[in-house]
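Listed below, chain by chain, are the residues.
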Amino acid sequence: MDLNGGEGPANALERLETLYEMAPVMLHSIDATGRLLTVNARWLETLGYAAPDVIGRYLGDFFTPASRTEFQAALPRFLQAGALTAMPFQMAAKDGRVLDVLLSSVGEFDPAGRFIRSLAAIEDITARRRAERVLAKSEELFRMAFEGANEGLCIVSLEGRLLLVNEALCRFFGCQADNLVGKTIQELAHQDDKGITPHHIVRALSGGQEHFRFEKRYRHASGRAVWARVSARLVRDAADAPLHFICHVLDVTETRHSTEQLSLHSKTLEALLRLGRMREDGLPELGAYAMSRAVVLTGSRSGIFAMYDADKDTIRLLAAQRQALSAFGLSPDARCFGLREVELFARAWQSQHPVLANTTRVDEGSRDDGRPGAPRGRYLIVPVADEAKSRLLVAVVDKDEPYDDADVHRLSLLGEGVLAHVKERSRERDLERARRQAEAASRAKSDFLANMSHEIRTPLSGIIGLTQMTLSQTPRPEVRENLEMILDSSRSLLGIVNDILDFSKIEAGKMEFSSVDFDLREALDRTMKPFQFSSRQKGLKLSVRIASDVPEVLNGDPDRIMQVVRNLVGNALKFTDQGEVAVEFRLLRPGDPLLVECSVRDTGIGIPEDRLPDLFQVFTQLEASRTKRFGGTGLGLAISRRLVEMMGGTIGVESRSNHGSTFSFTVSLRPAREEQRDEARVETAVLAGGFAGLRVLLAEDNQVNRLFLKHFLVEAGCEVRLAGSGGEALALLAQGPADLVLMDIQMPEMDGTEATRRIRDGEVGEAARRLPVVALTAYSMKGDRERFLSAGLDDYVSKPVDVDELFMVMRRVLDRPGVAEETNRPVRSSLPMDMAYYRDRGKTAFAREISRMFLDESPAVAANLDRAVREENWEAVGDAAHTLLGMAVPLRARGLTEDARRLQEAGLAGDATGCREACRRVRGELDRVQSAIRDLLRGNEGA
């Protein structure tokens with residue numbers, strides 16, 4: 001048989017040499033001295049040598065020193081045995097690398113048994129050894145981490161049995177590792193929580209959630225319950241078969257306890273608050289609720305709530321549960337019994353300390369201390385008493401855990417809550433009697449004050465009315481002077497009566513405050529007008545100034561504010577013989593609410609420093625003698641202080657003797673309500689054609705909106721052009737100017753924001769860049785106003801459009817500085833007075849009379865004004881403006897009133913430029929008012 005497959009020996013040998021050389025493992029042969037005879041290519045490649053560097057050298061030269069020694073010892077054994085299998089060595093490559101290898105070798109011997117050479121294979125296991133070392137290190141790190149962890153760790157079998165535990169877990173359970181390993185989780189679990197872990201194990205093994213968390217209770221070696229937060233994961237082997245669970249166990253007993261205590265505190269507080277609100281409930285209802293809370297808050301199973309009658313030495317049950325009654329040896333239908341019938345109750349009353357027992361429930365067949373009335377197991381009895389005879393008893397029984405001080409405290413709080421009602425009801429009975437007596441006295445006082453008010457005010461009203469009527473009939477000068485003195489005295493007497501009545505209302509807590517929108521300037525004008533006579537009579541200058549940043553319309557109680565102003569101004573005039581009295585309003589804090597300050601400064605006699613602390617006290621006066629120079633009741637400043645404080649403000653004074661005084665007070669006011677319109681303004685603006693001739697461009701794509709807006713705008717006197725888009729609006733503005741644009745925000749082709757931006761950029765002409773543009777929008781969310789204003793719009797009105805609001809916004813925009821001057825059409829009505837006000841009230845004759853008086857007296861005032869401007873006497877300008885202001889208010893000539901007020905403020909501030917500009921506007925408005933009055937009077941004469 002030809003083993004060479006038909007090849008000759010030479011070819012077979014050549015083939016074997018080729019296989020040897022190309023083998024994928026390291027091959028070599030050595031002689032009996034260990035010197036290399038041959039190596040293959042893989043051997044050279046792995047170690048990085050060339051064949052001439054290797055052949056003939058001792059194999060041990062290529063080992064590390066330790067492996068060389070081992071090789072030298074193994075070589076004789078190999079030569080004798082003829083075989084070596086997978087012996088580990090370390091070889092050194094030419095580049096210094098150290099390789100882990102396994103050397104397997106067989107020897108070739110001659111017929112005489114002498115060693116010829118070996119054929120050896122070397123397996124490079126460097127990567128395997130490295131992985132083994134990494135794994136060993138990882139296992140060591142895991143072992144160290146497992147053992148040294150501060151929190152419990154364990155490995156659990158698929159059946160739920162502990163295989164490995166760390167020291168922290170042993171501490172958690174309070175026992176050694178030998179006592180834990182081998183036990184099942186069920187053996188360690190709390191009785192009520194045994195079903196939690198098996199559920200998760202079954203779910204994980206059935207392909208469900210393999211990583212799971214839960215909290216449950218376990219039994220500590222001491223018998224107490226401990227809480228753990230368990231986090232577990234199923235571990236699989238290389239074949240993906242379930243192997244075991246590794247679990248992290250965190251002791252959360254303290255956290256649970258703290259949470260439970262916090263929850264108990266919260267529930268206790270809720271119970272006490274509920275008890276506090278049970279004012280209408282009877283004692284049985286209070287006792288039943290308190291008992292139910294006592295049982296829940298202490299974790300008991302039953303309870304008793306009872307009241308002790310010290311006079312009769314008996315216990316009356318307010319609420320009781322059958323189990324608790326049975327525990328203390330009482331019958332289920334017991335309602336009232338002697339204290340001595342239950343020894344534990346008697347002991348609690350006598351000691352005035354809680355009585356408790358924390359023995360566990362056992363079936364010993366008799367009560368724990370063998371005495372009648374002592375329940376078996378745990379119980380707690382807490383007596384609750386006050387300094388009076390009111391006493392309660394709270395008892396609870398049968399708690400799983402021992403009773404502690406916290407339970408005593410909770411029961412005491414519940415008892416005190418019920419006792420509070422008992423005492424409160426006793427006080428309420430006493431208070432009710434006192435209240436009825438006080439109400440009777442108050443009714444008598446109120447009836448007396450009401451009667452006195454009627455008896456005094458009735459003749460005073462007649463005196464004042466007849467005096468004013470007589471004054472209107474142009475009496476002789478000496479008679480007029482007497483009548484004015486009568487009127488002034490009557491008003492002083494009326495002021496005293498009002499002070500007394502107001503003080504009585506304040507003391508009785510019946511002072512009421514309104515909250516309405518009011519024009520501060522108009523209210524102040526009306527208040528200051530009666531003081532003009534007394535100031536002129538004494539030769540004093542009386543000035544009024546309102547800072548420009550104070551809103552024109554505010555929300556509050558104007559009557560009470562002006563009452564304080566009257567008190568302060570009246571005092572200032574009373575105690576000032578020469579110089580001036582100046583009233584000023586200024587804004588201390590904008591926003592909502594606003595803080596407004598009023599100061600009244602005089603140049604009078606001043607106040608001694610030692611009298612300042614008593615100044616705002618009731619019935620306190622600077623002069624107390626019978627020879628005092630100044631009258632008064634001493635109530636004015638006290639009432640003012642009370643009123644100011646009730647309006648959220650403060651009042652004070654700065655003064656020195658003979659250097660005058662400054663009284664200041666603050667009030668907290670709200671901005672005017674936007675939904676309320678100023679009726680006088682709207683009536684003037686709309687009914688009297690307040691926008692007559694105003695050119696309005698209405699850009700609105702909705703036909704219905706265009707229709708009704710145009711109707712009201714035309715009715716108000718406006719000239720209206722319509723545009724259906726932003727582009728049309730720009731085209732119309734390019735064709736002709738407008739005084740105001742009402743711009744819808746959402747329109748086709750070009751919206752209102754973009755159209756406004758182009759107007760501001762000058763696309764329709766330089767003159768239109770500052771044109772007032774008011775947005776009409778359905779957007780009303782927070783931030784929309786700021787967004788519209790930042791886009792160049794001057795203001796906005798929300799849809800659906802309120803016409804009154806629209807006119808108010810239009811007026812606000814048009815009245816801004818610089819706007820009215822740039823409009824090419826007059827904004828104000830052709831009839832500048834509101835005569836409809838008097839006509840609607842049947843006072844047409846009175847309106848004609850004051851109109852004639854105005855027409856007669858206003859030319860002289862105008863001449864004084866012109867002369868003061870020419871002489872640049874700005875103080876005189878302010879005085880003339882003030883006079884004109886007083887004449888314009890009765891006419892309800894709003895335009896003239898506003899312009900005169902601005903002129904007065906500019907005069908008081910010494911603003912030359914402002915005076916000239918305001919004077920120009922006043923003269924123009926004055927001409928219009930005079931012309932309108934002439935037309936009115938002529939029309940009446942013709943009628």
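Structural data are supplied above this passage.
Along each chain, residues carry numbers from 1 onward, in the same order as the chain's sequence is written. Local features in a predicted model are, by the rule used here, given only for residues with pLDDT of at least 70; side-chain atom pairs are given and counted only at 80 or more, and totals for whole chains, interfaces and linings are based on all residues. Side-chain measures here rest on the full set of heavy atoms in the structure, leaving out hydrogens and waters.

Participant: For the side chain of Ser 640, give the residues involved together with the corresponding values.
Facilitator: The helix count covers DSSP runs of H or I at least four residues long, the strand count covers runs of E at least two residues long, and both are numbered beginning at the N terminus. Inspection of the secondary structure assignment puts Ser 640 in helix α18 (residues 636-646). Since its relative accessible area comes to 0%, Ser 640 is described here as buried. Two residues qualify as a contact provided that any one of their heavy atoms is within 4.5 Å of a heavy atom in the partner residue. When sequence neighbours within four positions are dropped, the list of residues in contact with Ser 640 reads Val 564, Asn 567 and Ile 651. The cut-offs for exposure are 20% and 50% of the maximum accessible area for each residue type, with area from a 1.4 Å probe on protein chains only; residues under the lower value are buried, those over the upper are exposed, and the others partly exposed.

Participant: So what's going on with the packing of aromatic side chains? Residues and values would help.
Facilitator: In this description, an aromatic ring pair is defined by two values, namely the gap between the centres and the angle between the planes. Pairing of aromatic rings covers Phe, Tyr and Trp, the last through its six-membered ring, and needs centres within 6.5 Å; plane angles under 30 degrees mean stacked, over 60 mean edge-to-face, and all others mean tilted. For the structure on display, the rule yields 16 aromatic pairs. Measuring from ring centre to ring centre gives 6.3 Å for Phe 71 and Phe 89, while their planes differ by 75°; the resulting arrangement is edge-to-face. Placement of the pair is Phe 71 in helix α3 (residues 65-81) and Phe 89 in strand β3 (residues 83-92), with a sequence separation of 18 residues. With a relative accessible area of 4%, Phe 71 lands in the buried category. Relative to Phe 245, the ring of Phe 212 lies with its centre 6.0 Å away and its plane at 65°, an arrangement referred to as edge-to-face. On the criterion of sequence distance, the pair formed by Phe 212 in strand β8 (residues 211-219) and Phe 245 in strand β10 (residues 242-251) is long-range, its members being 33 residues apart. The class of Phe 212 is buried, set by a relative accessible area of 5%. Here a set of aromatic residues connected by ring pairs shows up, and it is made of Tyr 58, Phe 63, Phe 71 and Phe 89. Two limits define a charge over a ring: the Lys NZ or Arg CZ must be within 6 Å of the ring centre, and within 35 degrees of the ring normal. Positioned above the aromatic ring of Tyr 289 is the side chain of Arg 274, whose terminal nitrogen or guanidinium carbon lies 4.8 Å from the ring centre.

Participant: Pulling in residues and values, what's your account of the nonpolar core?
Facilitator: Only buried Ala, Val, Leu, Ile, Met, Phe, Trp, Tyr and Cys residues count toward a nonpolar core, and they belong to the same one when joined by side-chain atoms within 4.5 Å. Formed by 43 residues in total, the largest nonpolar core has its most connected members in Met 528, Val 565, Val 569, Phe 585 and Phe 665. Broken down by secondary-structure element, the contributors of at least two residues to this core are α15 (520-528), β18 (541-546), α17 (558-574), β20 (580-589), β21 (594-602), α18, β22 (651-655) and β23 (661-671). The element contributing the most residues to this core is α17, with eight residues. Within the second largest apolar cluster, 32 residues are counted, among which are Ala 862, Leu 865, Ala 880 and Ala 918.

Participant: Any chance you could break down helix α9 (residues 253-277) for me, citing the residues and the numbers?
Facilitator: A helix is expected to span 1.5 Å multiplied by its residue count minus one. Taking 1.5 Å of rise per residue, 25 residues should cover 36 Å, and α9 covers 36 Å from first to last C-alpha, within 8% of that figure. Within the span of α9, buried status applies to Thr 253, Gln 261, Leu 264, Thr 268, Ala 271 and Leu 275.

Participant: Outline the pairing of strand β7 (residues 162-165), supporting the account with residue identities and numerical values.
Facilitator: Each regular strand carries side chains that alternate between the two faces of the sheet. Bridge analysis of strand β6 (residues 152-156) against β7 gives three bridges, and the strand direction is antiparallel. The residue bridging Val 156 from the neighbouring strand is Leu 162, located in β7. For two strands to be treated as a pair, DSSP must find no fewer than two bridges joining them. Remark: five residues form the turn of the hairpin made by β6 and β7, two consecutive strands paired antiparallel; Gly 160 in that turn has positive phi of roughly 90°.

Participant: If you had to explain the pattern of salt bridges to someone new, which residues and values would you point to?
Facilitator: Any carboxyl oxygen of Asp or Glu within 4 Å of a side-chain nitrogen of Lys or Arg constitutes a salt bridge here. Taken as a whole and judged by the stated rule, the model has 35 salt bridges. Of the charged contacts in the structure, one is a salt bridge between Asp 95 and Arg 97, with a shortest N-O distance of 2.7 Å. Since its relative accessible area comes to 55%, Asp 95 is described here as exposed. Classification of Arg 97 by relative accessible area gives partly exposed; the value is 40%. Here Arg 641 makes a salt bridge to Glu 645, at a shortest N to O gap of 3.5 Å. Separated by four residues within a single helix, Arg 641 and Glu 645 lie in helix α18, roughly one turn from each other.

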